[in-house]
Number of protein chains: 2
Amino acid sequence: MTDLPKSIFILEEGPREGFQIEKGPISTARKVELIDALSDTGLKQIQIVSFVDPRRVPGMADAEDVVRAITPRPGVAYTGLWLNERGFERAVATGRLTVRGSITLGASDAFLKRNQNRTIAEQIASQRALAQRYVELGVPVTRGSVMAAFGCNYEGDVSAAKIVGLIAEILDIADSVGARLDHVSLADTMAWATPRSIKTIIGAVRERWPDLDLALHLHDTRGLGIANAYAGLEMGVARFDAAVAGLGGCPFAGNAGAAGNVCTEDLVFLCDEIGIDTGVDLESLMACARLAEDIVGHPLPGSVMKGGSLRAMRERIAAKG
Amino acid sequence: MTDLPKSIFILEEGPREGFQIEKGPISTARKVELIDALSDTGLKQIQIVSFVDPRRVPGMADAEDVVRAITPRPGVAYTGLWLNERGFERAVATGRLTVRGSITLGASDAFLKRNQNRTIAEQIASQRALAQRYVELGVPVTRGSVMAAFGCNYEGDVSAAKIVGLIAEILDIADSVGARLDHVSLADTMAWATPRSIKTIIGAVRERWPDLDLALHLHDTRGLGIANAYAGLEMGVARFDAAVAGLGGCPFAGNAGAAGNVCTEDLVFLCDEIGIDTGVDLESLMACARLAEDIVGHPLPGSVMKGGSLRAMRERIAAKG
């Protein structure tokens, strides 16, 4: 376990992932309540909204209202997601978000063709133009991202060589516009990752770029989320996207246990127990997870909020002495 | 990952774990339906009932009826659980179960005192007497077991030295009655295990007895079940107890996602994907998991039965070709 990082950085995506997928209308006030509670846990970055077409994602129609109503905590970066220029402009217009550009490529040609009717070559060209535009606007381009990095429902398994090639493209785009990326994220968009593919693909990337910081964006759809995170930690990965309570999981009652994003407090619990600093207070975060369940009105996939932390157990035992 | 075993043996405990904890009455016929379905998946051992006081565990009042009604499949061992001589006699009397003795010690003095009003020394003496009696009756004593091997709600964390000491006692008892154990099981009875404690404790046991076969009995109460199993696999552990669909999980609706035993089909999925043979057909087992949900009438914690296997995805992609 010698490669375990001493500390990790967590990008909390629960508010954006969760409120985007929930069917029931959730009031702006309750969204803000969760975001403000998350701000007090020690998290350093929270993705709170997405700027997307309200006709397609009604749950995000109040994105600007949410951004306006939160109480920003110093030291916490609040970010949003956008998929096009209109969304980007909305994010900038709020004046309250940390706005950063990213360079995103998809690992799967089939998925790209299906969703955007584009080839990878066309996607590379468009990402280069986008990065150029960010730089011209003075928006730092800090994140590279590979979607479907471990497999795809339309194309199947993804080779390590392909991921290495896509990262080379991302770094080349960054270089060409004079951007300096903080890290490159590998997103398991369709939950194909396993501890083996995590180790194989990250191993190959590490071999090529030993000093490149990597992030993992994991889903728990098939029950391997935390095991995959652990495999990533064993490979020294020190950045993770996660969602409090596993928000973003399948919301309908008959499938209440079906998870979406890897659960933040379960990840923090794992790290606490294996000696990795997250900067996050687990008990406060578990309270946020229970608040999230209360807000959405149905059980969410997170486990430790139900089972309880071991630190609390140890304290109870010590108190009884 | 060089220590990963080539294959593992799974003891399926779902029927016993699950039907024991469920509140609603479940008919004998439906229990038998699940057991018979599990018999066709490739599992080699299924613990199907417990012989306990029906006043305390009403869900197991029909244990003999269940044993009588199943259709045993050649090559599958059907076992039961008992906690005292009366239960043992009931198991033998069925004439249809594989009856094996085990030597069980608890790692926690506090838990022992609380539950059985016994010291560890008294427990050792009683287990020695019990093992002696099994041998006299011609019942093979094949399994050693340490309960609460990774931590305890009454005593806290458990040291590797303590586990090594208890295994030494178990092996001494086995020697003294001339029994030859197949393996020693480390049970995470109260869900305290983490990948770190798994590696630390198994590492210490391995150092003392490099050739001793170990089993892991894991719970998923705090979301680390599969990550712990993976850590065990990395340490070369090749025997696991598990429960189909995560049966045994907390059954009340408000906590439908709270898991008990580590889920068999999620473990099989992990093994399939990292190249470890389980002998179990994942799709058949996932069908059993869905059957289990139908029988208990509420969602169960298993994930891959909801998310779908990757093999099925690959076949679908190949068929579209």
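Here is what the cut-offs are and how they apply
Residues numbered from 1 in each chain as written. Chains lettered and ligands numbered in written order. Predicted model: local features only at pLDDT ≥ 70, side-chain atom pairs only at ≥ 80, totals over all residues. Heavy atoms only, no water. Helix = DSSP H or I, 4+ residues; strand = E, 2+ residues; numbered from the N terminus. Buried < 20%, exposed > 50% of the residue type's maximum accessible area, 1.4 Å probe, protein only. Contact = heavy atoms within 4.5 Å. Areas by Shrake-Rupley, 256 points an atom, 1.4 Å probe, with all protein chains shown as cover. Lys, Arg positive; Asp, Glu negative; His and termini not counted. Charge placed at Lys NZ, Arg CZ, Asp CG, Glu CD. Buried area = accessible area lost by both parts, 1.4 Å probe. Salt bridge = Lys/Arg side-chain N within 4 Å of Asp/Glu carboxyl O. Polar contact = N/O pair within 3.5 Å; in protein donor to acceptor, adjacent residues only side chain to side chain. Axes fitted to C-alpha atoms, helices over the stretch in contact; angles between N-to-C directions. Parallel < 35°, antiparallel > 145°, perpendicular 65-115°, else oblique. Left-handed = near helix turned anticlockwise from the far one by under 90°. Nonpolar A, V, L, I, M, F, W, Y, C, P; charged D, E, K, R; others polar. Least-squares fit on C-alpha atoms with pLDDT ≥ 70 in both. Pairing = 2+ DSSP bridges.

1. Considering the overall build of chain A
Thinking step 1. In terms of regular secondary structure, chain A is built from 13 helices and eight strands.
Thinking step 2. In terms of overall dimensions, chain A has C-alpha extents of about 65 × 45 × 40 Å along its principal axes.
Thinking step 3. Within chain A, the fraction of its 321 residues that count as buried is 59%.
Thinking step 4. Pairs at least 24 apart in sequence give 75% of the contacts found in chain A among residues at least 6 apart.
Thinking step 5. Accessible area for chain A stands at about 12700 Å²; split by element, carbon and sulfur atoms hold 50% of it.
Thinking step 6. Separation of charge centres in chain A, based on 34 positive and 40 negative side chains, amounts to 2 Å.

2. Focus: the interface of chain A and chain B
Thinking step 1. On the side of chain B, 45 residues touch chain A, which itself brings 45 residues to the contact.
Thinking step 2. Taken together, both faces of the contact between chain A and chain B bury some 3700 Å²; the carbon and sulfur share is 65%.
Thinking step 3. Broken down residue by residue, the surface that chain A buries against chain B is led by Arg196, Arg222 and Ile317 of chain A, which jointly contribute 17%.
Thinking step 4. Between the two partners, chain A and chain B, sit four salt bridges.
Thinking step 5. Asp157 of chain A is paired through a salt bridge with Arg314 of chain B; the nearest N and O atoms lie 2.5 Å apart.
Thinking step 6. Here chain A is connected to chain B by twelve residue pairs in polar contact (both at pLDDT 80 or more).
Thinking step 7. Listed by contribution, the elements that provide at least two residues to the side of chain A that touches chain B are α8 (195-208), α9 (225-234), α10 (264-274), α12 (304-307) and α13 (310-320) of chain A.

3. A short note on the packing of α8 of chain A against α9 of chain A
Between two packed helices, what matters for the description is the angle formed by their axes and the separation of those axes.
All names here are of chain A.
Thinking step 1. Taken N-terminus to C-terminus, the directions of α8 and α9 make an angle of 30 degrees; their axes are 8 Å apart at the nearest point. As far as their axial angle goes, α9 and α8 are roughly parallel. Considering how the two elements wind past one another, α8 and α9 form a crossing that is right-handed. Here Pro195, Ile198 and Lys199 of α8 lie close against α9, whose contacting residues are Ala227, Asn228, Ala231, Gly232 and Glu234.
Thinking step 2. Across the contact of α8 with α9, the residue classes break down as four nonpolar, two polar and two charged.

4. Considerations on the relation of the copies chain A and chain B
Thinking step 1. Of the two same-sequence chains, chain A is brought onto chain B (RMSD 0.0 Å, axial shift 0.0 Å) by a rotation of 180 degrees. Such a combination of turn and shift is consistent with a two-fold rotation axis. Taking C-alpha positions as reference, the residue of chain A nearest the rotation axis is Ala227 of chain A, located at 2.0 Å.
Thinking step 2. Counting the interface residues of chain A, we find that 100% of their copies in chain B are interface residues as well, pointing to one common contact surface.

5. Points about the sheet that holds strand β1 (residues 9-12) of chain A
Residue and element names in this part refer to chain A.
Thinking step 1. The strand order β3-β2-β1-β8-β7-β6-β5-β4 describes an open sheet built from eight strands, whose pairing is parallel. At either margin of the open sheet sits one strand with a lone partner, and together these are β3 (77-82) and β4 (101-106). Averaged over all pairs of adjacent strands, the angle between their axes in this sheet comes to 25 degrees, without regard to strand direction.
Thinking step 2. In the sheet, β1 pairs with strand β8 (residues 239-242) via four bridges, with the strands oriented parallel. Paired with Phe9 across the strands is Arg239, a residue of β8.
Thinking step 3. Relative to β1, α10 is tilted by about 170 degrees, and along the sheet it contacts β1 and β8.

6. Some thoughts on the side chain of Arg16 of chain A
All names here are of chain A.
Thinking step 1. Position of Arg16 among the secondary structure elements: in helix α1 (residues 14-21).
Thinking step 2. A polar contact of 2.8 Å, which involves the side chain of Arg16, links it to the side chain of Gln47.
Thinking step 3. Once residues lying within four places of it in the same chain are set aside, the contact partners of Arg16 are Gln47, Ile48, Val49, Ser50, Met60 and Leu81.

7. Let's talk about the pattern of salt bridges
Thinking step 1. Going through the model one piece at a time under the given rule, you end up with 40 salt bridges over all chains.
Thinking step 2. In this structure, the salt-bridge partner of Asp40 of chain A is Arg73 of chain A, at a minimum N-O distance of 2.5 Å. Here the residue Asp40 of chain A occupies a position in the loop between α2 (28-39) and β2 (45-51), and Arg73 of chain A occupies one in the loop between α3 (63-69) and β3, the gap between them amounting to 33 residues.
Thinking step 3. Taking the shortest distance from any N to any O, the salt bridge between Glu13 of chain B and Arg16 of chain B comes out at 3.8 Å. The pair formed by Glu13 of chain B and Arg16 of chain B is uniform in burial state, with each residue classed as buried.

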